[in-house]
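# Observations on chain architecture
Residues per chain are reported as follows:
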Amino acid sequence: MEFKDKSNRQLRSAVCYSKGNPNSPSVIVIGAGVAGIAAARALHDASFQVIVLESRDRIGGRVCTDYTFGFPVDLGASWLHGVCNENPLAPLIGRLGLPLYRTSGDNSVLYDHDLESYALFDVDGNQVPPGLVIKVGEAFENILKECDKVREELEEDMSIKQAFSIVLERRPDLRLEGLAHKVLQWYLCRMEGWFAADAETISLKCWDQEELLPGGHGLMVRGYLPVINTLAKGLDIRLNQRVTRVTRHLKGVRVTTEGGASLIADAAVVAVPLGVLKSRQMKFEPRLPEWKEAAISDLGIGIENKIVLHFENVFWPNVEFLGVVADTSYGCSYFLNLHKATGHPVLVYMPAGKLAQDIEKMSDEAAANFAFMQLKKILSDASAPIQYLVSHWGSDINTLGSYSYDRVGKPHYLYERLRIPVDNLFFAGEATSTLYPGSVHGAYSTGVQAAEDCRMRVLERYGELDLFQPVLGEDNVSVPLLISRL
């Protein structure tokens, strides 16, 4: 792959010519995350001239595999949601021979985990009886079913939290006290982690509108970076190029970067995170239509972070995750045990929503210490970590959030509105996926779709639809996924 830091005058008012035929149609892809790389890959393979502009000094976006510890750790996306051939990423992951560790099967109450391998504790370090965890899980599912009845009865939307309150008011038999109530709050905490948002902001009408692929959920044991690198191979990617302005013309687009450099092309694919679009740090001229701006404004962007603790030795139970139950979901904790999946002595603390926002205000050292103190509540003899890593997806100027979700009172079709092209601008990213928002395969599929939409639109203008290959022309031979569970 061709990574370049072209912050000098070579970029100024340049035509988008990469390697290949300068007479080919040209496209600028803004953002080198999964969606942007997928779009660029597809257009490049369809004989387009493609340049990718990325504001960071690396590719991947919210896929960020870190090697600080001497082995891969994903600070962003780390699961393949839907370990099946229907997953658009499955062919590539299969061909690369990348192993996955299954953390749940289908229809788990905990989404990406099931109750096969876990340990929950109260804040005093007492382990919660497994029978109680299962019983509360059944109650949690029953509450969600009752919430569905509330949704059918009422026209107006409300939050999941408000619906919970209505259900518990109607159904005293579902109310839980004492330790059972704390376990219920932990289940709610994990639901908030799935959406990266607090229950008081998640839409009752739309919370379950995404499509969950079959096959359960698999953790990428070696990280997602090999997938990104494979897709990016041979592409012209310009790093450290923050786009500040996108100007549409009748016959093309002009993309301007922070340093004042410009590129001109037939079309552009905008594949930046929803949080960046919300910040308006990228200006569009003329302005985007009101319906597009409304979609950007009304979709929710949540925060889930990772505080990765690397220890010298393993001192915790040999389970897939540890949890702390508390009186509120805010006070609950969740630790992913990477040792179970990878063999490395690592625990990953994963706060979401308001708790993640509050922790982002801390220094990395303070955040790591906070996570360690949560661990000490349940394992009093825990040894201090020898290294740590902390993500900042909410405050990182390149993301300003982790992934999208349905806000109270806002329709699910906003994802599709965000995807719809505007003239010769095409949009991609997890927040443009109606079926798979908040997922890597969702981002990937929207990149491929944006590339196909762009190809058709540009070649219609060229009048040469038959001269270029479709973007979906690659060999999609199925290779079985390497999924296991210990």
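What this report covers is the structure whose coordinates are included nearby. Along each chain, numbering runs from 1 in the same order as the chain's sequence is written. Reporting in this predicted model follows two pLDDT cut-offs: at least 70 for local features of residues, and 80 or more for side-chain atom pairs to be given and counted; totals over whole chains, interfaces and linings ignore these cut-offs and use all residues. Processing note: side-chain calculations cover all non-hydrogen atoms of the structure and skip hydrogens and water entirely.

Turning our attention to the sheet that holds strand 20 (residues 333-337). Pairing between strands is defined by DSSP: at least two bridges between them are needed. In this text, helices come from DSSP runs of H or I with a minimum length of four residues, and strands from runs of E with a minimum of two, each type numbered from the N-terminal end. The six strands are arranged 9-19-20-21-18-22 in an open sheet whose pairing can be described as mixed. Two strands bound the open sheet, and with one partner strand each, they are strand 9 (118-121) and strand 22 (387-390). Strand-to-strand twist of the sheet, defined as the mean angle between neighbouring strand axes without regard to direction, takes the value 20°. The sheet contact formed by strand 18 (residues 307-310) and strand 21 (residues 346-349) spans four bridges and is antiparallel. Along strand 21, the bridge assignment pairs L309 with L347. To obtain each axis, a line is fitted to C-alpha atoms, and for helices this fit is confined to the stretch in contact; angles are then taken between N-to-C directions over 0 to 180 degrees.

The rule for a salt bridge is simple: a side-chain nitrogen of Lys or Arg has to be within 4 Å of a carboxyl oxygen of Asp or Glu. Summed over all chains, the structure comprises 22 salt bridges. E146 is the salt-bridge partner of K149, the closest N and O atoms lying 3.1 Å from each other. Residue K149 and its partner E146 are both found in helix 3 (residues 130-153); the two are separated by three residues, about one turn of the helix. By relative accessible area, which is 16% here, E146 ends up buried. Of the charged contacts, one joins D236 and R238 as a salt bridge, the two residues approaching to 2.7 Å between their closest N and O atoms. A single burial state applies to D236 and to R238, both of which are buried. Among the ionic contacts, a cluster of salt bridges with common partners joins E146, K149, R171 and D173. The buried label goes to any residue with under 20% of its type's maximum accessible area, the exposed label to any with over 50%, and the partly exposed label to all in between, with areas taken from a 1.4 Å probe on protein chains only.

Our next topic: helix 5 (residues 178-195). Helix span, as expected, comes to 1.5 Å for every residue beyond the first. Look at helix 5: 27 Å from first C-alpha to last across 18 residues, which is about the 26 Å you get at 1.5 Å a residue. At the exit of helix 5 stands A196, carrying a positive phi of roughly 55°.

Two elements in contact, helix 1 (residues 34-45) and helix 6 (residues 225-232), have axes whose closest approach is 9 Å; the angle formed by their N-to-C orientations is 30°. Classified by the angle their axes make, helix 1 and helix 6 are roughly parallel. The two elements helix 1 and helix 6 meet at a crossing, and its hand is left-handed. For the pair formed by helix 1 and helix 6, the contact residues are V34, I37 and R41 on the first element and I228, T230, L231 and A232 on the second. Polarity classes work like this: nonpolar for Ala, Val, Leu, Ile, Met, Phe, Trp, Tyr, Cys and Pro, charged for Asp, Glu, Lys and Arg, and polar for all others, with Gly in that last group. Of the residues assigned to the contact of helix 1 with helix 6, the class counts are five nonpolar, one polar and one charged. When describing relative orientation, an angle under 35 degrees is termed roughly parallel and one over 145 degrees roughly antiparallel, while 65 to 115 degrees is termed roughly perpendicular and anything else oblique. Left-handed describes a crossing whose near helix is turned anticlockwise from the far helix by less than a right angle; the clockwise case is right-handed. It only takes one pair of heavy atoms within 4.5 Å for two residues to be counted as in contact.

Attention shifts here to the pairing of strand 3 (residues 26-30). Among the five residues in strand 3, five count as buried, and that is most of the element. Side chains of strand 3 alternate between two faces, with S26, I28 and I30 and V27 and V29 buried alike. Sheet topology places strand 3 next to strand 4 (residues 49-53); five bridges connect them, and they run parallel. Residue S26 lies in a different strand from strand 4, and its bridge partner there is Q49. Assignment of crossover handedness uses the view with strands pointing away from the viewer, where a clockwise path from the first strand over the helix to the second indicates a right-handed crossover. As for the winding sense of the linkage, the β-α-β connection from strand 3 through helix 1 to strand 4 is right-handed. In this sheet, strand 15 (residues 267-270) lies alongside strand 3 in parallel orientation, the contact comprising four bridges. Among the inter-strand pairings, V29 is bridged to a residue of strand 15, identified as V269.

With respect to the element layout, S24 can be found in the loop between strand 2 (14-15) and strand 3. Here S24 falls in the buried class, since its relative accessible area comes to 9%. Taking the C-alpha atoms as reference points, S24 and F48, 24 residues apart in sequence, are found 5.7 Å from one another.

Moving on: the pairing of strand 8 (residues 99-104). Put simply, side chains in a regular strand alternate between the two faces of the sheet. Summarising burial for strand 8: five of the six residues are buried, a large majority. Across four bridges, strand 8 lies against strand 10 (residues 217-220) in antiparallel orientation. Bridge pairing in strand 10 links Y101 to L219.

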